[in-house]
Amino acid sequence: MEYPVDTSLKPEVTGFFDPATNTISYVVKDPASDACAIVDSVMDIDYAAGRITYEHADELIKFVQENGLKLEWLIETHVHADHLSAAPYIQDKLGGKIGIGEHIVTVQDVFGKIFNEGTEFQRDGSQFDALFKDGDTYMVGQMPVFAMHTPGHTPACMVHVMGDAAFVGDTLFMPDGGSARADFPGGDAGTLYDSIQKVLALPDETRLFMCHDYGPNGRDIQWETTVADEKAHNIHVGAGKTKEEFVKFRTERDAQLTMPKLIIPSLQVNMRAGEVPRDKDGVPMLKVPVNGL
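Residues numbered from 1 in each chain as written. Predicted model: local features only at pLDDT ≥ 70, side-chain atom pairs only at ≥ 80, totals over all residues. Heavy atoms only, no water.

For the protein chain, the name recorded in an unreviewed UniProt entry is MBL fold metallo-hydrolase, with Tropicimonas aquimaris as its organism.

*Asks:* I'd like to hear about the overall build of the protein chain, residue by residue, with values.
*Replies:* Scanning the protein chain from N- to C-terminus turns up 7 helices and 14 strands. Taking 2.2 N^0.38 as the reference for a compact globule, 293 residues should give roughly 19 Å; the C-alpha atoms of the protein chain span a radius of gyration of 18 Å, in line with that estimate. Overall, the C-alpha framework of the protein chain stretches about 55 × 50 × 40 Å when taken along its three principal axes. Taken across its 293 residues, the protein chain has 53% of its residues classed as buried. Pairs at least 24 residues apart make up 67% of the contacts formed inside the protein chain by residues separated by at least 6 positions. (Helix = DSSP H or I, 4+ residues; strand = E, 2+ residues; numbered from the N terminus. Rg over C-alpha atoms; globule rule 2.2 N^0.38 Å. Buried < 20%, exposed > 50% of the residue type's maximum accessible area, 1.4 Å probe, protein only. Contact = heavy atoms within 4.5 Å.)

*Asks:* Requested: an account of the packing of helix 4 (residues 189–200) against helix 6 (residues 243–254), with residues and values cited.
*Replies:* Contact geometry of helix 4 with helix 6 gives a least axis separation of 9 Å together with a crossing angle of 130°. By the angle class used here, helix 4 and helix 6 are oblique. In this structure, helix 4 meets helix 6 at a crossing whose hand is right-handed. Taken together, the residues of helix 6 that come into contact with helix 4 (itself represented by Ala189, Gly190, Leu192, Tyr193, Asp194 and Ile196) are Lys243, Phe246, Val247, Arg250 and Thr251. Considered class by class, the residues forming the contact of helix 4 with helix 6 number 6 nonpolar, 2 polar and 3 charged. (Axes fitted to C-alpha atoms, helices over the stretch in contact; angles between N-to-C directions. Parallel < 35°, antiparallel > 145°, perpendicular 65-115°, else oblique. Left-handed = near helix turned anticlockwise from the far one by under 90°. Nonpolar A, V, L, I, M, F, W, Y, C, P; charged D, E, K, R; others polar.)

*Asks:* Describe the UniProt feature "domain: Metallo-beta-lactamase" (unreviewed entry) in the protein chain, listing the residues and the values that go with them.
*Replies:* When the UniProt feature table is mapped onto this chain, "domain: Metallo-beta-lactamase" (unreviewed entry) is found at residues 22–212. Helix makes up 23% of residues 22–212 and strand makes up 28%, while its end C-alpha atoms are separated by 6 Å. (UniProt positions renumbered as here; feature names shortened; annotations may be inferred.)

*Asks:* Can you explain the pairing of strand 7 (residues 97–101)? Please cite residues and give values.
*Replies:* Taking burial as the measure, the 5 residues of strand 7 include 4 buried ones, the bulk of the element. Across 3 bridges, strand 6 (residues 70–75) lies against strand 7 in parallel orientation. Paired with Trp73 across the two strands is Lys97, which belongs to strand 7. Handedness of the β-α-β unit built from strand 6, helix 2 (residues 87–94) and strand 7 comes out right-handed. Where strand 7 lies against strand 8 (residues 130–132), 3 bridges are found, and the strand directions are parallel. For Ile100, the partnering residue across the bridge sits in strand 8 and is Leu131. Since strand 7 and strand 8 lie parallel, the crossover through helix 3 (residues 104–114) that links them has a hand, and here it is right-handed. (Pairing = 2+ DSSP bridges. Right-handed = clockwise from strand over helix to strand, strands pointing away.)

*Asks:* Describe in detail the packing of aromatic side chains, supporting the description with residues and values.
*Replies:* Within the structure shown, the criterion is met by 12 aromatic pairs. Between the aromatic rings of Trp73 and Tyr138, the centroid separation amounts to 4.8 Å while the plane-to-plane angle is 55°, which identifies the pairing as tilted. One end of the pair, Trp73, is in strand 6; the other, Tyr138, is in strand 9 (residues 137–140), and 65 residues separate them in sequence. One exposure class covers both Trp73 and Tyr138, and it is buried. Of the aromatic side chains, those joined through ring pairs into one cluster are Tyr26, Phe167 and Phe209. (Phe/Tyr/Trp six-rings, centres within 6.5 Å; stacked < 30°, edge-to-face > 60°.)

*Asks:* Account for the pattern of salt bridges, naming residues and giving values.
*Replies:* The final tally for this structure, using the stated rule, is 18 salt bridges. Residue Lys10 pairs with Asp164 through a salt bridge whose shortest N-O separation is 3.6 Å. In this pair, Lys10 is assigned in the segment before strand 1 (12–18) and Asp164 in the loop between strand 11 (158–162) and strand 12 (165–167), connecting sequence segments 154 residues apart. Close ionic contact of Asp281 with Lys280 constitutes a salt bridge, the shortest N to O distance being 4.0 Å. Of the residues examined, Asp281 reaches a relative accessible area of 61% and is grouped as exposed. Using a relative accessible area of 80% as the deciding quantity, one classes Lys280 as exposed. Taken together, the shared-partner salt bridges connect Lys10, Asp164 and Arg207 into one network. (Salt bridge = Lys/Arg side-chain N within 4 Å of Asp/Glu carboxyl O.)

*Asks:* Describe the nonpolar core, with residues and values.
*Replies:* Grouped together as the largest cluster of nonpolar side chains are 38 residues, with contacts concentrated most on Val27, Ile38, Val64, Leu71, Leu74, Ile90 and Leu267. Breaking this core down by element, the ones donating at least two residues are strand 3 (35–39), helix 1 (55–66), strand 6, helix 2, strand 7, helix 3 and helix 7 (263–270). Sequence-distant contacts of Leu74, that is, excluding residues within four places in its chain, are made with Ile38, Ala87, Ile90, Gln91, Gly95, Lys97, Ile98 and Gly99. (Core = buried A, V, L, I, M, F, W, Y, C linked by side-chain atoms within 4.5 Å.)

*Asks:* Can you lay out the sheet that holds strand 3 for me, pointing to particular residues and giving the numbers?
*Replies:* If you walk across this open sheet you meet the 6 strands as 1-2-3-6-7-8, and the pairing is mixed. Only two strands of the sheet have a single neighbouring strand rather than two, namely strand 1 and strand 8. Between one strand axis and the next, the sheet turns by 25° as a mean value, whatever way the strands run. Sitting on the sheet, helix 1 touches strand 1, strand 2 (23–29) and strand 3, and the angle it makes with strand 1 is about 160°.

Rendered as structure tokens:
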């Protein structure tokens, strides 16, 4: 597939780090207008207390409003397993359309069964305003954007390329962080390697923006790098590491990892485009499947 890359467009990218989940959300401004997109927003949850709040989302909303921006898109790079999306909350305040990859339907089918969601839970992606196919384009103001399907971490992962900036979700971490796990339902280490190669085939100067950073070896949190830097220095795939090497390492590493602490609420909320599920009386309610994951 030929992707319509245009690195002459340089959007203004502002990152917002959430220390509770090590997630970075982004406001991305079209260089030629006041239009913007928000990528991978975060809703705050105190899981032990069953309490949801919106401090992180309010920070994004305030930034958009104070800078006179017009929100056109709320992009989810994938169904996150480690934080809850605040997309509907932000949409209610600022407008915009919520978009995710078309393979959300696969994720909904798998986890619809695990969470015993019943027939009222729609598994057709209709909770979202747009479902992107590989190579689909859309506009943020006057800036064309394209979506690149990058499965492996999850079936619905997509990288969104806005001019010279690519938002890679969990497909890649910073060079000293490597790559994301591939052992969730629908994940596959070999597929992830192939997806990473698609990202690394973008022009060397392309800016890459991470969804997560954990400050390996005690360094400060970082979230921006380049294709050239990842190709040269990524500890899992850089310097010409082969697919076989990657699959062996990734599979062995994943077998040692524990589940993300917010995976159970995150999946239920994020496969609904950020809406909290409700019981038969309309009360917000999360389920805990026993031995389901």
